[in-house]
Each structure stands twice: as structure tokens, then as C-alpha cells.
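# Fold and geometry: a report
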Amino acid sequence: SSVKPFVWAAAIASGFTPSSIIVDEPIEYTVGRNKWVPQNFGGDFQGPIPLRKALEQSVNIVSVKLVEQLGVPLVRSYLQRCGITTPIDDTVGLTLGLGTPVVTIMDQCVAYSCFANGGVRNDPVMVTEIRNRDGLPRYDYNAFVKREQALDSRVAYVVTHMLQGVCEPGPGYYTTGHRTKALGRPRGGKTGTTNESRNVWFCGFTPDFTCVVWIGYSDNRPLGRGREFTGGGMATPIWTKFMIAAEDGLPIRDFDVPSGITFFNIERLTGVEGGDYKEAYLTGTAPPATWNPPSG
């Protein structure tokens, strides 16, 4: 779901790294008198998996486990400070990791722009300027705009770097945003697909723009079945076509790297140091030297 990057942001701020390993496995929870068995989209499990790959492939089990370890209040605080205005009460529980709260497109756009803006949230503006009949300015949004440092700039960059991987083909594995490759410039983003593909979207950004594409029916009926009826299959091509036009004529530039970031070459599949993939870490953290995953 598109909520996952904010779960990952809370994890990075709490000491996890892109190389931290979570075991993707069948899990079951008791909720009241009912049992809840979260599933991945394809119904399979990959075992020990680094956070980077889990985000690139939108692995539900890893997201649920992270919310369990971090706590719902902490994850909720990251969503809210980044601009998600939908009330999220405690009854949501661990399903928060799957994006169960209803979120508006505007809120998603504001929240994702925090990653592109170095952690700064800019509240949305609908009117930028008003002039009277003589052409004199009567209103300038710059006098009223609200900005807030919602995320540590270092955390925002590490998550941005991982979200760039969502938009790049993996080494032998599927990434949900790989269809954005045609844009041909630095970009990050995350797909989302609700149960039975009733809603699909892609929340993406470049250093210039943040754009969210949502597809769904007004009566909430399913769009279809299969991998093509997902955010990656339906929304990313639309997002890409729009962004190609929006970025036309603009110089290609990368995301600014704040101080406090250290890069290591890792193996993208495992997160272990020594490969040819350039990974970003908060200074003071580092990838493991060897593959030594937990058992569960």
C-alpha cells in the first residue's frame, strides 16, 4: 500500500536500515474472537528479506511486522505529521501497515512531497494569487503558506533512495514501479492496490513535482483480476505519461543529499556489503558484512 513508506520512515528513524532483515512468513493474529491472517499480494512468502527489497516488492507481511515492532502510535504519528488528515484510531491495529484507513488523493500528494522536499511538509494551496480589476495584487499565497519540518531530512532521504529502487527493475525480481522507467530521470514512488483491486494508485515524485494517480469506480466495484489490475499495472503508466509532459524542457537533476548520509556498495538482493548497488544509510549505521538472517 502507499502507507508503507511512512512505516519504513518510522523504522529508519528507530534504528533500522535498508539492509535490516525481516522474515516474510505466514503469520496469524487474534483480534477479539476473530483470527486475522495477513497475506502478500501473490500469496507467497520469501523468508528473510531486507527492508529495501520488501519495499520494492510491497511485501505486506514485512509491513505488518514493522508496525508490530514499532507500535501503532509511532507509525500513526509519522502519517499525521506528513499530512494524512484522516482520523486513525487504535482499532485499526496492525492493519495500519496495509493502509486500511481511507486516505484522500490530496493527503497522499502532500505526504509524499515530504520525501522529495527533504522532509518538509508544504500544506496545499488552491489559490496562488488574486488581483483586482486594475491588476494590483490583493492576495499572495506566499504570505500565508505553511511549512513544517515533518521528517528528519536524513530519514526522508534514505526512504527517498529506497523509493527510487521501487521505480527501477530489480536484479532478477519484480519491482512494483518499474514501468516508470520511461520517464528517464530520478524519481521515487509507491504503488497501492486495495482488496479485489477496487482502488489502485501510484504516488510518485521527482525533485520537481509530486503527482498521485488513482483509478477506481465510483461504486467501488473491482477493476479486474490479476497483476495488471494493480497500481503498478494501471496507474504507473498514466503517471509516467503525465510526468513526461510535465517535466518536458526541465533539466534532469537528482535529489539533494543532506549531511549525515553515508553511502555503501551492497548486494541489492541481500543488503550485504560488497556488491555494486549504491545504498544510503544514516551516518553511523552500515550494512552487514555477511548474510546472517534471523530465523523468524
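Predicted model only: the values in this text are computed from it and were never measured. (Residues numbered from 1 in each chain as written. Predicted model: local features only at pLDDT ≥ 70, side-chain atom pairs only at ≥ 80, totals over all residues. Heavy atoms only, no water.)

### A closer look at the packing of aromatic side chains
- For the coordinates displayed, the defined rule picks out 10 aromatic pairs.
- An angle of 75° between the planes, with centres 5.9 Å apart, marks the rings of Tyr112 and Phe115 as edge-to-face. Residue Tyr112 and its partner Phe115 are located together in helix 5 (residues 105-116), separated by 3 residues, close to a single helical turn.
- Pairing Phe264 with Tyr281 gives two aromatic rings, centres 5.5 Å apart and planes at 85°, and the pair type is edge-to-face. Here the residue Phe264 occupies a position in strand 12 (residues 261-266), and Tyr281 occupies one in strand 13 (residues 277-282), the gap between them amounting to 17 residues.
- Its relative accessible area of 0% is what places Tyr281 among the buried residues.
- One residue, Lys53, lies across the ring of Tyr173, its end atom 4.9 Å from the ring centre.
- The cationic tip of Lys278 hangs over the ring face of Phe263; the distance from NZ or CZ to the ring centre is 4.4 Å. (Phe/Tyr/Trp six-rings, centres within 6.5 Å; stacked < 30°, edge-to-face > 60°. Helix = DSSP H or I, 4+ residues; strand = E, 2+ residues; numbered from the N terminus. Buried < 20%, exposed > 50% of the residue type's maximum accessible area, 1.4 Å probe, protein only. Lys NZ or Arg CZ within 6 Å of the ring centre and 35° of its normal.)

### Quick word on empty space enclosed by the protein
- This model, assessed by the stated rule, comprises 2 cavities of 30 Å³ or more.
- What lines the largest cavity is simply Ser2, Val3, Phe6, Leu79, Ile84, Val103, Gln108, Ala111 and Tyr112.
- For the lining of the largest cavity, the element with the most residues is helix 5, which contributes 3 residues.
- Within the lining of the largest cavity, the residues separate by chemical class into 7 nonpolar, 2 polar and no charged.
- What the second largest cavity holds in volume is close to 30 Å³.
- Looking at the second largest cavity, the residues that line it are Ile12, Phe16, Thr17, Pro18, Val158, Ala280, Tyr281, Leu282 and Thr285. (1 Å grid on protein atoms, 1.4 Å probe; cavity = no way out; pocket = protein on both sides within 12 Å on 5 of 7 lines; lining within 4 Å. Points joined across faces, edges and corners; volume = space filled by probe spheres on them. Nonpolar A, V, L, I, M, F, W, Y, C, P; charged D, E, K, R; others polar.)

### A closer look at the environment of Asp152
- Within the secondary structure, Asp152 is located in the loop between strand 8 (147-149) and helix 6 (153-166).
- For Asp152, a relative accessible area of 34% corresponds to the partly exposed category.
- Expressed as a C-alpha distance, the spacing of Asp152 and Thr86, which sit 66 residues apart in the sequence, is 22 Å.

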